[in-house]
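# Close look at the chain arrangement
Here is what each chain is made of, one letter per residue.
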Amino acid sequence: MKNSDKMKNTGPKGLEAHAMVVAAIDFMEEVGNSAFSMRKLAAKIACDPMSLQYHFKSKKGLERAMAEELTRRISTIDNSMPWDERLRHLAYQYRQIALAYPNSFKLMQQFWSTGLADYIRAEYVCQALTDAGFNDNQVTSFCLGYYACIIGLAASEAGGLLRPADDADLNDIENLPQQGFTLTKKLAPAFQAVEPGQVFAFTVELFLQGIKKAL
């Protein structure tokens, strides 16, 4: 983690904001989004709730800081690499974070930007697209599309949407009416055979191939 990337401010009683954010992520993964609150977090870490309020102002402020912390854990690579390889590399890092922190990762979908670390990675994406030869309008559109695609895909995989069909799913398909579901029934074994990461990899390549056609 880069020093310039990390929050260092302290508040009442010397409590350090970054330690609170790390604890909040751990707590979110433990209890899930619906059970998470600043009051429960304060009790978990034996902290005065007013200390959390001092640092983050609101639950939304804390959640933004949590999303920013996850972004800090995503590194970038040498800009001398081919532009598409840079974007591919970054995409898989987002996937790793999503699989490691599935509950907290959902927070990334709530904010246009979470702070400095997010802007550092966005600059990296914009530089890769600029190096590819896209104009400013294309860079901004593709940058936003890239994040929507990658974060959405990663969150979907972590949440279970991109998993293979299980026995319950196959039973539902088998019980569908005979009329109108020919392809769904035919493809049931293929849905069951989906490999981990298969849909993510396919869609990332599809996205990169698609924007290459705009060059």
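This write-up is about the structure you can find in this document. Values in this document were obtained by computation on a predicted structure and should not be read as measured data.

The next thing to look at is the layout of surface pockets. In this structure, the largest pocket spans a volume of roughly 410 Å³. Around the largest pocket, the lining is made up of 20 residues, and of these Phe111, Trp112, Asp118, Leu144 and Tyr147 lie nearest the centre. When residues of the lining of the largest pocket are traced back to their parent elements, those giving at least two are α7 (116-132) and α8 (136-159). Top element by residues in the lining of the largest pocket is α8. It accounts for eight residues. Of the residues belonging to the lining of the largest pocket, the class tally is 13 nonpolar, six polar and one charged.

The nonpolar side chains of soluble globular proteins are, as a tendency, buried together. Formed by 55 residues in total, the largest nonpolar core has its most connected members in Met66, Trp83, Tyr94, Phe105, Leu129 and Tyr146. For this core, the secondary structure elements donating two or more residues are α1 (17-31), α2 (38-44), α3 (49-56), α4 (59-72), α5 (83-100), α7, α8 and α11 (198-212). Per-element accounting of this core gives the leading share, 11 residues, to α8. Residues in contact with Phe105, not counting those within four places in the same chain, are Leu70, Tyr94, Ile97, Ala98, Ile151, Ala154 and Ala155.

Moving on, we get to the state of the cysteines. Counted according to the given criterion, the structure contains zero disulfides. Not engaged in a disulfide, the cysteine Cys143 finds its nearest cysteine sulfur in Cys126; these two sulfurs lie 3.8 Å apart. Taking relative accessible area as the criterion, Cys143 reaches 8% and is therefore assigned buried. Cysteine Cys149 shares no disulfide, and the gap to the nearest cysteine sulfur, in Cys143, comes to 13 Å. By relative accessible area, which is 17% here, Cys149 ends up buried.

For α1, spanning 15 residues, the distance from its first C-alpha to its last is 21 Å, which sits close to the expected 21 Å at 1.5 Å a residue. Residues Ala17, His18, Met20, Val21, Ala24, Ile25, Phe27 and Met28 constitute the buried set of α1. Of the surrounding elements, those touching the buried residues of α1 are α2, α3, α4 and α6 (102-105). For α1, the N-terminal capping position is held by Glu16, with its side-chain oxygen 3.2 Å away from the main-chain nitrogen of His18. Two residues or fewer past α1, Gly32 is found with a positive phi of approximately 90°.

What follows covers unusual backbone geometry. Here Ala46, not a glycine, exhibits a phi torsion of approximately 55°, which is positive. You can see Ala46 is positioned in the loop between α2 and α3. Its identity as a non-glycine residue notwithstanding, Lys57 has a phi of 70°, on the positive side. In this fold, Lys57 is placed in the loop between α3 and α4.

Let us look at the packing of aromatic side chains. One pass over the structure, following the stated rule, counts eight aromatic pairs. Taken together, a centroid distance of 6.4 Å and an interplanar angle of 55° make the contact between Trp112 and Tyr119 tilted. Seen from their ring centres, Phe134 and Phe142 are 5.0 Å apart, and the 75° between their planes marks the pair as edge-to-face. Take Phe134: its relative accessible area is 6%, and that puts it in the buried class.

This part is about the environment of Phe207. When you line up the elements, Phe207 lands in helix α11. For Phe207, a relative accessible area of 19% translates into the label buried. Residues Phe207 and Tyr119, spaced 88 residues apart in sequence, show a C-alpha to C-alpha distance of 22 Å. Setting aside residues up to four positions removed in sequence, Phe207 forms contacts with Phe142, Gly145, Tyr146 and Cys149.

What counts, and at which threshold
- All residue numbers refer to position in the chain's written sequence, counted from 1.
- Residue-level local features of this predicted model are given only where pLDDT is at least 70; pairs of side-chain atoms are given and counted only at 80 or more, and the full residue set underlies all totals for whole chains, interfaces and linings.
- Each side-chain value is worked out from all heavy atoms of the structure, with water and hydrogens disregarded.
- In this analysis, the protein atoms alone were mapped onto a 1 Å grid. Cavities are point sets where a 1.4 Å probe fits without being able to get out; pockets are open sets with protein on both sides within 12 Å along at least five of seven lines; lining residues have an atom within 4 Å of a point.
- Grid points are joined across faces, edges and corners, and a volume is the space filled by probe spheres set on the points.
- Runs of H or I in DSSP of at least four residues are treated as helices and runs of E of at least two as strands, each being numbered from the N terminus.
- Gly is put with the polar residues, along with every residue not named as nonpolar or charged; the nonpolar set is Ala, Val, Leu, Ile, Met, Phe, Trp, Tyr, Cys and Pro, and the charged set is Asp, Glu, Lys and Arg.
- Nonpolar cores are built from buried Ala, Val, Leu, Ile, Met, Phe, Trp, Tyr and Cys residues. Side-chain atoms within 4.5 Å join them into one set.
- Think of it in three bands: with a 1.4 Å probe and only protein chains considered, a residue is buried below 20% of the maximum accessible area for its type, exposed above 50%, and partly exposed in between.
- Contacts are assigned to residue pairs that have any heavy atoms within 4.5 Å of one another.
- Any two cysteine sulfur atoms lying within 2.5 Å of each other are counted as a disulfide.
- The length a helix should cover is 1.5 Å for every residue beyond the first.
- In protein, a polar contact means a hydrogen-donor-capable atom and an acceptor-capable atom, both N or O and within 3.5 Å, with residues adjacent in sequence counting only if both atoms are side-chain atoms; elsewhere, any N or O pair within 3.5 Å suffices.
- Geometry of aromatic contacts follows a simple scheme: Phe, Tyr and Trp rings, the Trp one being its six-membered ring, pair when their centres are within 6.5 Å, and the pair is stacked under 30 degrees between planes, edge-to-face over 60, tilted otherwise.

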